[in-house]
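The primary structure of each chain is shown beneath.
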Amino acid sequence: MPQELTFAVPKGRILDEALPVMARAGVVPEDGFHDKANRSLSFDTTRDDMRLIRVRAFDVATFVAFGAAQAGIVGSDVIEEFAYSELYAPVDLDIGHCHLAVAEPAGGAPATPGNASHYRVATKYPNITSRWFERQGIQAECVKLNGAMELAPSLGLAGRIVDLVSTGTTLKQNGLVETGHIMDISARLIVNRAALKTDARVAELVDAFRRVADDAARGEAA
């Protein structure tokens, strides 16, 4: 019997939109997966040769890149942040839309160490952030936070933040305004490159998700 496939999905905002797409591609979790009280991380699927793991978005990329999972779904922000060589993102699923932005207090960013070419920025995307500011001729000192980014300016931790923005409501409620657009984001199917070459089932998954994405695009165009 072939080795069981592992498909990684992210906790949080993308998952609810991803589940219908997964179902149309033939990846359907067991009933217990939908129980909010269920703290399990690994779940059976309706396929005998596949299981799901539900982990943090950044960990989805790591599990797939290192071959612990053969495929998964994650936002393009995570792919861009890590840029793992073994990670291949063949299908844009056209879900989980938002963007990554720079934000600062509405009255202007408070003073931070350095000068106009040196900013302190709170973010969970230090690699993307550093590269983006470097293109502006600015050295970014990135303070790594995993959440509550919006508090950083008011508490003096950093003058600016880089974070995901959907509606902008959270920024507004915390007295912040968007001052830079870094990248648009959507969810992607990702696969491990080695697994794609050696396991026909991974290639079949890519084809299935591509058909679902193409059908959705044709439906929107009709």
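All values derive from a computational prediction rather than experimental measurement.

Caption draft 1: Here's a closer look at the sheet that holds strand β1 (residues 5–10). Pairing is mixed across the open sheet formed by six strands, whose spatial order is β2-β3-β1-β4-β11-β5. Each of the sheet's edge strands pairs with one partner strand only, and the pair in question is β2 (42–44) and β5 (87–92). Looking at each pair of strands side by side, their axes are set apart by 30° on average, direction ignored. Examined bridge by bridge, β1 and strand β3 (residues 50–55) share six bridges and lie parallel to one another. Paired with Thr 6 across the strands is Arg 51, a residue of β3. Lying over the sheet, helix α1 (residues 15–24) contacts β1, β3 and β4 (71–75), oriented at roughly 145° with respect to β1. Relative to strand β11 (residues 187–192), helix α2 (residues 57–65) is tilted by about 30°, and along the sheet it contacts β1, β3, β4, β5 and β11.

Caption draft 2: Molecular detail of the pattern of salt bridges. Using the criterion set out here, one finds 10 salt bridges in the structure. With its nearest N and O atoms 3.6 Å apart, the salt bridge here joins Arg 131 to Glu 80. Here Arg 131, found in helix α4 (residues 126–135), pairs with Glu 80, found in helix α3 (residues 76–82); they are 51 residues apart in sequence, far enough to count as distant. Accessibility expressed as a relative area gives 33% for Arg 131, which makes it partly exposed.

Reading the values: the criteria
- The written sequence of each chain sets the order in which its residues are numbered from 1.
- A pLDDT threshold of at least 70 governs which residues receive local features in this predicted model, and a stricter bar of 80 or more applies before side-chain atom pairs are shown or counted, although totals over entire chains, interfaces and linings include all residues.
- Side-chain metrics rest on all non-hydrogen atoms present in the structure, leaving aside hydrogens and water.
- Paired strands, as defined in this entry, are two strands with at least two bridges between them according to DSSP.
- Under the DSSP-based scheme used, a helix requires at least four consecutive residues in state H or I and a strand at least two consecutive residues in state E, with every element numbered from the N terminus.
- Comment: axis = line fitted to C-alpha atoms, over the contacting stretch for helices; angle = value between 0 and 180 degrees taken between N-to-C directions.
- The contact definition used throughout considers only heavy atoms, calling two residues in contact when any of these lie within 4.5 Å.
- Just to be clear on terms, a salt bridge is a Lys or Arg side-chain nitrogen sitting within 4 Å of an Asp or Glu carboxyl oxygen.
- Only protein chains enter the accessibility calculation, which uses a 1.4 Å probe; a residue whose area is less than 20% of its type maximum is buried, one above 50% is exposed, and one in between is partly exposed.

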